Each structure stands twice: as C-alpha cells, then as structure tokens.
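So the chains spell out like this:
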Amino acid sequence: MSDLKRGLSEAVAAAFAAAGLPAELGRVTPSDRPDLADFQCNGALPASKAAKRNPREIAEEVVSHLAGDSRLASVEIAGPGFINLRVSDAALSERAGEIAADPRLGAQPVDEPRRVLIDYGGPNVAKPMHVGHLRSSIIGESLKRIYRFRGDTVVGDAHFGDWGYQMGLLIGAVMDEDAEIRAMMEDLNAKSDITPQDEAATFAVLDGKITLADLDRLYPLAAARGKTEPDYRDRARKLTAELQGRKPGYFLLWRHFAKVTKVALERDFHALGVDFDLWKGESDVDELIEPMVADLEAKGLLVDDQGARIVHVAGPNETKKKKLPDGTVVVVPSPDPLLVVSSEGSAMYGTTDLATILDRKNTFDPHHVLYAVDQRQADHFEIVFRAAYLAGYAERGSLEHVGFGTMNGTDGKPFKTREGGVLKLNDMIVMTRDKARERLHEADLGSELDPDAFEDTANKVAVAALKFADLQNFRGTSYVFDLDRFSSFEGKTGPYLLYQAVRVKSVLRKAAEAGAQAGPIIVSEPAERDLVLLLDAFDQALIDAYDKKAPNFIAEHAYKLAQAFSKFYAACPILSAEPAVKASRLTLAQTTLRQLEQALDLLGIAAPERM
RNA sequence: GCGCCCAUAGCUCAACCGGAUAGAGCAUCCGCCUUCUAAGCGGACGGUUGCAGGUUCGAGUCCUGCUGGGCGCGCCA
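Residue numbers here run from 1 along each chain, matching the order of that chain's written sequence. For naming, the first written chain is A and the first written ligand is 1, with later ones following in the order written. Reporting in this predicted model follows two pLDDT cut-offs: at least 70 for local features of residues, and 80 or more for side-chain atom pairs to be given and counted; totals over whole chains, interfaces and linings ignore these cut-offs and use all residues. Hydrogens are left out, water is left out, and the side-chain values use all remaining heavy atoms of the structure.

A.B. asks: Could you give an account of the protein's contact with RNA strand B, naming the residues involved and the relevant values?
C.D. replies: Taken together, 71 residues form the shell around RNA strand B, and within it Asp32, Arg33, Leu445, Lys567 and Tyr569 come nearest. Taking the atoms of RNA strand B that fall within 4 Å of the protein, sugar and phosphate contribute 59% of them. Whenever two N or O atoms come within 3.5 Å, that pair is a polar contact, provided that in protein one can donate a hydrogen and the other can accept it, and provided that, for residues adjacent in sequence, both atoms are side-chain atoms. Between a phosphate oxygen of RNA strand B and a side-chain N or O atom of Thr477, the distance comes to 2.6 Å. Between RNA strand B and the protein, one listed contact pairs a phosphate oxygen with a side-chain N or O atom of Arg503 at 2.7 Å. All residues other than Ala, Val, Leu, Ile, Met, Phe, Trp, Tyr, Cys, Pro, Asp, Glu, Lys and Arg, Gly among them, are scored as polar; the first ten of these are nonpolar and the last four charged. When grouped by side-chain class, the residues that make up the surface near RNA strand B number 33 nonpolar, 17 polar and 21 charged. Residues are counted as near a molecule or strand when any one of their heavy atoms sits within 4 Å of it.

Laid out in structure tokens, this is it:
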C-alpha cells in the first residue's frame, strides 16, 4: 500500500519506459496548479533535452501509455510539456479507506531500519537551561520521534555537560564561600575509603546548603575570575584534575552538583514533553580517554604541537591562509587540528566528544548519529568527526551535525530578557503558560473545565505555542522569537492546530452521543477531495522531514491538514447529513484527527480533549 | 586576515533532483454565527526573491563578482 504520489509515479515511470525513455523521469509531484490538476509530472522537459525531441510530443507519447488507468479521471498536457493528472473520486475514496484502516495513517516504514542515536538537549551541570537549550531540545525530540515512527531503533541522549574545568571553578567557589564545606572536603579528601555513612552524612549537609540557585549565582562569578586571575584559574584547573582523579570529597560534592541540577533539568524537560533514553554525561567517558589517547598514539595520529597533543584532520590539499600575530601570513592545514591533550595534560571539549563517539560505538554501535546542536559549532564537529573517521571510531559519513540557527529577540539579536540577561527556560515556560491561561479566559474557552483539566489544557496550549513557533521554521535559519506574536494564538500557530483537533473531537463526541455510525468514505465535495489529498501527502512530509532532518515539513503538513479540515468543517456538515454521507464524513473526520494527532506527536505536541 | 551561513510581501517565515501564475500567517480592508467550538471560514490588497553578470528551453534554487548582516577561527564547553 503506497500513497497516490508513489503509485502514480510508478505508473508514469512505466509509461516513460514504454516510450523508450528513462523511467526515473516519471516522478510525479503534487500539482503546483491545483486549479488544473491534483498531480503533475515534469519529466517530458528534461527528456526532450536528452532525446532532442519536442517535449509536448514526448508528453503525448507518454500519456498514450497511461490510457486505461482507472485511478485517473483526466490526463492533460499543458504548457511546454507538463503532464497534469486528475485523480478520480473513486480512487480518492479508496485511498482514504486505506488510510483510515491503517494504524500508521498511510505512512510507510523505512525499508531497512537502522540504529540511530540522537544527541540533543546538551544541558550542563550548575547552569539552569536558558532559551538556547530550547531549540536543541525540541528539534532533537522531534527528530527522535520522526525517526522512531519510521521504524528505526532510536536512542536519545541528553549528553550532560558535567565534567570540565567549570567543575573545578565551582568546587573552588563553593569552598571559598562556606568554611564548613571546605573543612568537610579536607576531611573527606584525606580518607582512603568512603563509607555509605560518610556519603549519607555529606549529602545531608550539602542538600541543606547548596541549591541550583547557589550554583547559578556562583558560576558566572567564578568563570569571570578565572579569566582575569591566573592564580584563581590555576587553582580551578588543579581542582578539576583532582576531581577527575576521584578525590573523595570533591567527587561527592560533584555528585551533589549533578543531582540538584538534574532535578531542575528534568522539571524543565518534562514541562516541554522532552525525554531522554540516556543521560550519559561527559564524566561517563572519562575512563575511556586515557586508553583512547594511547590508541591514537599507536595509530600514529597524535602529534606534539606547542606542548599540546593534536590530531591533524585536514587532507593533503586542504589548506587556508592564516595571519599570525606578527602580521605574516602562512599557509596552514584546514580544518584546524583536533586538540586532544592540552599542554597541561588535560582532556578538552573535543576529546570527550571523541571518546563519546567511541563509547557509543562500543555500546550501541549506531549506524547514524545526529547531533542537534547550534550551527555555530559546525567547525568543531567537522574536526571531531574527521578525527573519529581517521581513528576508525565511526563509519565515514555516519556522524552528522544537525545544526540550527539562533533564536533572536525582536531586535534581531540573540534573545534576552528586558533586563538584558539570558532568559531561563523555566521562566519562559511559566510566561507562556500564563499567557495561555489568559488567552483561554479571553476567548471564554475551557470555562466548563475543572481547575485541573483547565491547567492541563493551558499547559498543552503553551507547549504547542512554543514548539510550533519553533518547528514551523526550517531549523537552519535563525528566527525571531516574539512572545506577543506567538501568544496571539491566531493563524499559523500551535494553538490553532489544537483548536482544530478539539473541534473534531467535539463533533465525534456528539456523533457518538447520537449513536451515529461511521462508514466507508465516499469522496465527492471539493473540500473532501482536498482533505483526502492532504491525508495522502502525509508519507511524503514524513520522508522529507526524515531525509532532511527537518521537522518543519511535519509542521507544515499538520498545519495544511488542520486548515483543510477547517474548510471541510465549514463546507460539509457532518451530523446533519444523510446517513451514508454522515457515515463517510465521520470516518473522514476520525481519520483526520488520528493523522493530525500523529503529526503533532511527531512534533512533541499533545492536544487536549476539550478547550 | 581566513572560513562558514544568511538576504524572498510592511512584519515573521515557507517553497518537493532547476519547471507553469514564488506560497502561508500577521497587519490593513470587505463579507459570513437562529445549524457540528468564529482561536474559525470566504474574499481583497501586498513581490524586479539584496545588486550585477553567467549557465540553461527554463533560475528564489546552480556558478562568478559585489553590497549588507550573522557566526566561527586549539589549551572554556
């Protein structure tokens, strides 16, 4: 069972072949001119170039081989040689019936399922998530759902940033501020063995003293001092090294940092409907780094450079010009090498990324790894991926950076609060939820709901507003995030989609109350035709989203489907129609709702029952 | 300095290996609630796709140059 586009493509491809032309020219696409056709094939134009024949002549010959296809109500040649196909109502009715009966709503699974790992979210210890984490989270979550729906085995990994220099900074800052903790650390660090009692006692003290808010307050100050004060920086580096050497006190303190952070992170992720299969942190690959460095060395990839150890990733002819501080210009390899071991002997950002690739190969052995990370890190990933391929830690081409643009404020610059600070993700969620409640009240929706149900609806409206505003844009482009605009809840928005879904549910409830039975879909009205054509287009939207790692194709499909339903709803009464028509329209409404909710689910959006 | 990305309607964004008349939403204007939720539906208005060349039967899409904007460029992550 395939969609009309695919089915017709096969027929037209056969017609091209029968005319002695390449079958791949028979590709059929939805028509650009709905007034003229449902589908079109442009293959006669490129064919005319190769065959040096008049395109209309070719089109006529191809069309002659299509005669007798019962799916086609009309086949016409237009313009320079477009083949316009109009599908019969009977064929649309049949296809609608297939979709209605299909648990997958007309979408085909991939031919060969693969193991895919998606790295997204990227939260850090001690730092509450801010708006910058929003895109990674919701794009990654959507991709995970899209890939899984198409049949791949998918693992989503939050890739917790928990193991770098910032940990040393924090350990130092916390001890500076609290003498009791400092004393406790000194005491614990001196011990050779930490008992469960030590652990419990330590955490009991830390739980009462250090919250995420404390860490969030201390970290920026410590980071700033680390930049300007060499002594402060050196101590933080030493503390980092001691933590990584598992010094008992610091290790417990670090576990506390991770714990309080994770609680807050999970609250934010949960509010957004984002969840992970894995919460692997950078710390989890720490023990892999030493053997990995040895392996890189053994493979002859590691070279000394200015006291550090690097891997060259550029090919022989890949160079760029570089201006040195003294003004001279030299030719250097491009891309830059990967810095594996710093001159002070510690692992760097790229080192843990490389070790993570190795870890994933050893555990999950993915065919494909997607990194849903800001586009600005493109160069970094290019370098890490090349190093991984060189070292044999991943199949060439299996690692892919799915980059996205920044979310900007209305001034076109990266989103900031009115005070100029970075907006915390949780604050944004709360703001959006407040706005959703306000709008529901204004529109007098949900007034009959009990408080819990109302709150649930408000939350769903908020999540839909936030996610759809993001996912309707192609991920690569930066977009302007304007709370007032997306919270106006009119037009092409998440709440519009929920509203349409709720309207269908409402009709279906009324139909059930009246005892109306659903029956076979019989397409006749234009609005019904358009709706079925859209239901049929679901698979293509899914394929596009999958191939391009771009959820906006699903968002676009969901919007068009909701719009087509709304037109159908306005033009075709359901409950008051005569029995056979009512039965048909009920099935059509049910099927639309199922596909709409499926599409929304792929975006990570859930619709309430009522609003 | 080198490199990457972007430029489409007043605003925010789309656009299927290069194809017909470049599409939505917002804003503005005009219609439609005694009938299934009007957060809706119908219609109007709105474009030299930054500029200049090139390739092509055909370019928003590919190539070159330019202008304007964003970002990145080993010892943070």
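Next comes the rest of the description.
A.B. asks: Give a detailed account of the sheet that holds strand S3 (residues 72-78), specifying residues and quantitative values.
C.D. replies: Whether two strands pair depends on DSSP finding at least two bridges between them. For helices the rule is a DSSP run of H or I covering at least 4 residues; for strands it is a run of E covering at least 2, with both sets numbered from the N terminus onward. Here we have 4 strands laid out as an open sheet, ordered S1-S2-S4-S3, and antiparallel in their pairing. Single-partner strands in this sheet number two, and they are strand S1 (28-30) and S3. The sheet shows a mean angle of 25° between the axes of neighbouring strands, taken without regard to direction. The pairing of S1 with strand S2 (residues 39-41) spans 3 bridges and is antiparallel. Looking at S2, one finds that Thr29 is bridged to Gln40. All axes here are fitted lines through C-alpha atoms, helices being fitted over the stretch that makes contact, and every angle between N-to-C directions spans 0 to 180 degrees.

A.B. asks: An account of the domain arrangement of chain A is requested, with residue identities and associated values reported.
C.D. replies: For chain A, the assigned domains read domain 1 (4-87), domain 2 (165-271), domain 3 (280-404) and domain 4 (427-602). Just the C-alpha atoms count here: the centres of domain 2 and domain 4 sit 47 Å apart. Domain delimitation follows an automatic or database domain assignment.

A.B. asks: Summarise the sheet that holds strand S7 (residues 302-305); cite the residues concerned and give the values.
C.D. replies: Taken in spatial order, the 3 strands of this open sheet run S7-S8-S11, and their pairing is antiparallel. Each having just a single partner strand, S7 and strand S11 (338-341) make up the two edges of the open sheet. On average, each strand axis in the sheet is tilted by 45° relative to the strand beside it, whichever way the strands run. Alignment of S7 against strand S8 (residues 308-311), held across 4 bridges, turns out to be antiparallel. Across the sheet, Val303 pairs through a bridge with Ile310, a residue of S8.

A.B. asks: Describe the nonpolar core, listing the residues and the values that go with them.
C.D. replies: We call a set of buried residues a nonpolar core when its members are Ala, Val, Leu, Ile, Met, Phe, Trp, Tyr or Cys and they connect through side-chain atoms within 4.5 Å of each other. Categorising residues by exposure relies on relative accessible area from a 1.4 Å probe, with only protein chains included: less than 20% of the type maximum marks a residue as buried, more than 50% marks it as exposed, and the intermediate range marks it as partly exposed. Judged by nonpolar contacts, the single largest core of 157 residues is most densely connected at Leu85, Phe257, Met428 and Phe481. With residues up to four places along the chain from it excluded, the contact list for Met428 reads Val131, Leu134, Met407, Phe415, Leu423, Leu466 and Phe481. Note on contacts: a residue pair qualifies if any of its non-hydrogen atoms lie within 4.5 Å across the two residues.

A.B. asks: Give me the lowdown on the packing of aromatic side chains, citing residues and values where you can.
C.D. replies: Centre distance within 6.5 Å is the pairing criterion for rings of Phe, Tyr and Trp, where only the six-membered ring of Trp is used; planes under 30 degrees apart are then read as stacked, over 60 as edge-to-face, and the remainder as tilted. The final tally for this structure, using the stated rule, is 15 aromatic pairs. Ring geometry for Phe381 versus Phe385: centroids 5.5 Å apart, planes at 35°, classification tilted. Of the two residues, Phe381 and Phe385 are both situated in helix H14 (residues 378-391); the distance of 4 residues between them amounts to about one turn of the helix. Phe385 gets classed as buried once you look at its relative accessible area, which sits at 6%. Consider the ring centre and the ring normal. A charge sits over the ring if Lys NZ or Arg CZ is within 6 Å of that centre and within 35 degrees of that normal. The ring of Tyr546 carries Arg150 above its face, with NZ or CZ at 4.8 Å from the centroid. Lys259 extends its terminal NZ or CZ atom over the ring of Phe203, reaching a point 4.6 Å from the ring centre.

A.B. asks: Tell me about the packing of helix H7 (residues 179-189) against helix H11 (residues 248-271), and please be specific about residues and values.
C.D. replies: Relative orientation of the contacting elements H7 and H11 amounts to 125°, with a least axis distance of 6 Å. Between H7 and H11, the interaxial angle falls into the category oblique. Residues Met185, Leu188 and Asn189 of H7 lie in contact with H11, whose contacting residues are Pro248, Gly249, Tyr250, Leu252 and Leu253. Taken together, the residues of the contact of H7 with H11 break down into 6 nonpolar, 2 polar and no charged. Angles below 35 degrees are treated as roughly parallel, those above 145 as roughly antiparallel, those between 65 and 115 as roughly perpendicular, and all remaining angles as oblique.

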